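# What the coordinates show
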Amino acid sequence: MNARAQKVADDAERRPVRPEDQRLPLGATFGYGFQHVLTMYGGIIAPPLIVGSAAGLTPAEIGTLVAASLFMGGLATILQTIGIPFFGSQLPLVQGVSFAGVSTMVAIVGGGGGMQAVLGAVLVASAVGFLITPFFAQIIRFFPPVVTGVVITTIGLTLMPVAANWAMGGNADSPDYGSVSNIGLAALTFAIVILLSKVGSGTVSRLSILLAIVLGTVVALFTGQADFSGVGDGPVAAFPAFLGFGAPTFEIAAIVSMLIVILVTLTETTADIIAVGEIVETKVDRKRIANGLRADMASSVVSPFFGSFTQSAFAQNVGLVAITGIKSRFVVSAGGAILVVLGLLPILGRVVAAVPTPVLGGAGVVLFGSVAASGIRTLAKVDYSNSVNLIIVAASISFGMIPIAKPDFYDQFPTWFGIIFHSGISSAAIMAILLNILFNHIKAGTPPDPSVFAEGAERGASAVDDDDLEDLEDDGVLNGSTGRPAPASSTPAGTTPDGTTPPVGPAHEDDPAARPATEPRREARHVAPAPRTATP
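Bear in mind the structure is a predicted one, so any value in this text is a computation, not a measurement.

Counting secondary structure elements, the protein chain contains 22 helices and two strands. For the protein chain, with 536 residues in total, the buried portion stands at 46%. For the protein chain, the share of sequence-separated contacts (at least 6 apart) that also reach a separation of at least 24 residues comes to 80%. Surface exposure of the protein chain reaches about 24600 Å², of which carbon and sulfur atoms provide 67%.

Structural data, given as structure tokens:
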């Protein structure tokens, strides 16, 4: 064999069989890995900040909580990307603390259980999630977009009071709580996020929340609203303490609430694995999904021992893989290694904990709103024609908003009931799951036509569309450009041109010529759902 043929053979042998197995130079690997860290950094530090504040932890303790979340997120990412037998999808997926459980954990803390009850609920629920991963494919059909969309939307909506409280100062007993200076600082941070998203480059836009927090904090230093004097209290580097917040306690109601979150998390991680598989253009089968879910749950079981919470795939990083075209799982592994190093530096956690709460509030409005927007995007994929899905969405989101609009709504109920339903996410998830089963799986008694609410909403939504708006902008007159024939004469409404009254009722279903003119447009609007996009 000549030298040229030998080189071709060697190159073919070194070429990765799968796209995700591609190896980049070391500098590029860690450079792109750091970009993954920056993309998800704001999302991974927000849950410990929210839960720690709700639990009344000191800034130093919140710093420890942040460091633990970074450390466990890094280990979970390495396990997911590198993989060992039965654990890890070996796909470029970044892991971290999920937003899905935040409101539930805050409700557990509010019920008097404290951090120990939160960690105990995470531990047991994650263990149950680990046990059911082989069978999850059998129950995932109960979590279609109409359910997951409701849950994600509710997560964002239930977090808005947190953002508002931060914007006001975070401490209701403080004399400057709700002051113009606090809300003004939050508004400035919010404005910086919007401006960076608008005028920045693609990279700056993706990092707009993190950069806005930095810039808002700099402004707060000049106005005397930031205090970093306690940042030096404690070690610069340290390994996360084992059971640093005490031994977990186990409350049945808290565990039930967290188990609902785990089921939703498993559903979202499954969708993320499938999505990144499509982006990378690699084979994803049931075995690979099960391995990825086991890695998720194993990491979540270990997390409470080091003071962290449930781990799941970060969907915004799935989007980053699509944007950059860098498919290598080893790039994401490098990002996981960076997270581990950051988690070993508790001083960084104390810096984050010292960021003024109004700054976090201004950024939180956008961050939490983006979670709700992601849920709305998922709900847009739901088929609302000739179904009762609109009722499922309406009832579930409304049910989830009850404890947010009226926090004392369940105060007279038993404690276990209050812990479950004081969480808007648990309330919405339970209602969405039950209604989906009732209407979409138990067919007996479900009418073939939509309910009056769904039909009314369908017709209302089709009353005005983009063509109508263009007509109004052009000459102020609806010209029937969407297929509705413009009246050729002054024929009274409700009659045909010959003066007779058209038939009403379901007759038009068999007679295309007799269908209401709005129906063709409605049918045209229901196209095949778009491919799943990344959600935060």
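So that's the structure; there's more coming.
For the rest of this paragraph, the subject is the nonpolar core. Ranked by size, the top nonpolar core spans 103 residues in total, and within it L49, F99, I155, M258, F309 and F368 carry the most contacts. Per-element tally for this core: the top contributor is helix α11 (residues 252-280), with 14 residues. Excluding its chain neighbours within four sequence positions, the residues that come into contact with F309 are P48, V51, L65, V97, M105, M115, V118, L119, V122 and S303.

This paragraph deals with the packing of helix α7 (residues 145-168) against helix α17 (residues 389-405). The interhelical angle for the contact between α7 and α17, taken along N-to-C directions, is 25 degrees, at an axis separation of 10 Å. When the axes of α7 and α17 are compared, the pair comes out roughly parallel. Taken as a pair, α7 and α17 cross one another with a handedness that is right-handed. Here α7 contributes V146, V150, T153, T154, L157, T158 and P161 to the contact with α17, which in turn contributes N389, I392, V393, S396, I397, G400, M401 and I404.

A separate point is the pattern of salt bridges. Inspection of the entire model under this criterion finds three salt bridges. A salt bridge links D408 to K406, with the nearest nitrogen and oxygen atoms 3.9 Å apart. On the accessibility criterion, D408 (39% relative accessible area) is partly exposed. Its relative accessible area of 46% is what places K406 among the partly exposed residues.

In this structure, F86 is a non-glycine residue whose phi angle is positive, near 75 degrees. Tracing the chain through its elements places F86 in the loop between α3 (59-82) and β1 (95-97). Phi at Q90 takes a positive value of approximately 55 degrees, unusual for a residue other than glycine. In this fold, Q90 is placed in the loop between α3 and β1.

Let us look at the confidence of the model for the protein chain. Taken as a whole, the protein chain shows an average pLDDT of 75; of its residues, 75% reach a score of 70 or greater. Averaged over each element, pLDDT in the protein chain is lowest for helix α22 (residues 518-525) (40) and highest for helix α5 (residues 114-132) (90). Within the model, the stretch residues 456-464 combines pLDDT values under 50 with 16 contacts to residues more than four positions away or in other chains. Counting interchain partners and residues more than four positions distant, the pLDDT-below-50 stretch residues 480-536 has 71 contacts.

Structurally, S69 is set in helix α3. In this structure S69 comes out as buried when scored by relative accessible area, which is 1%. The residues contacting S69, other than those within four sequence positions of it, are I44, P48, V97 and S308.

This next bit is on α7. The end-to-end C-alpha separation of α7 is 35 Å, in line with the 34 Å expected for 24 residues at 1.5 Å each. The sharpest bend along α7 measures roughly 30 degrees and falls at M160, with the proline P161 sitting one to four residues further on. Positive backbone phi, at 130 degrees, marks G169, one or two positions downstream of α7.

About the cut-offs
- Residues numbered from 1 in each chain as written.
- Predicted model: local features only at pLDDT ≥ 70, side-chain atom pairs only at ≥ 80, totals over all residues.
- Heavy atoms only, no water.
- Helix = DSSP H or I, 4+ residues; strand = E, 2+ residues; numbered from the N terminus.
- Buried < 20%, exposed > 50% of the residue type's maximum accessible area, 1.4 Å probe, protein only.
- Contact = heavy atoms within 4.5 Å.
- Areas by Shrake-Rupley, 256 points an atom, 1.4 Å probe, with all protein chains shown as cover.
- Core = buried A, V, L, I, M, F, W, Y, C linked by side-chain atoms within 4.5 Å.
- Axes fitted to C-alpha atoms, helices over the stretch in contact; angles between N-to-C directions.
- Parallel < 35°, antiparallel > 145°, perpendicular 65-115°, else oblique.
- Left-handed = near helix turned anticlockwise from the far one by under 90°.
- Salt bridge = Lys/Arg side-chain N within 4 Å of Asp/Glu carboxyl O.
- pLDDT = per-residue confidence, 0-100.
- Expected span 1.5 Å × (residues − 1).
- Bend = angle between axes of the 7 residues up to and from the residue.

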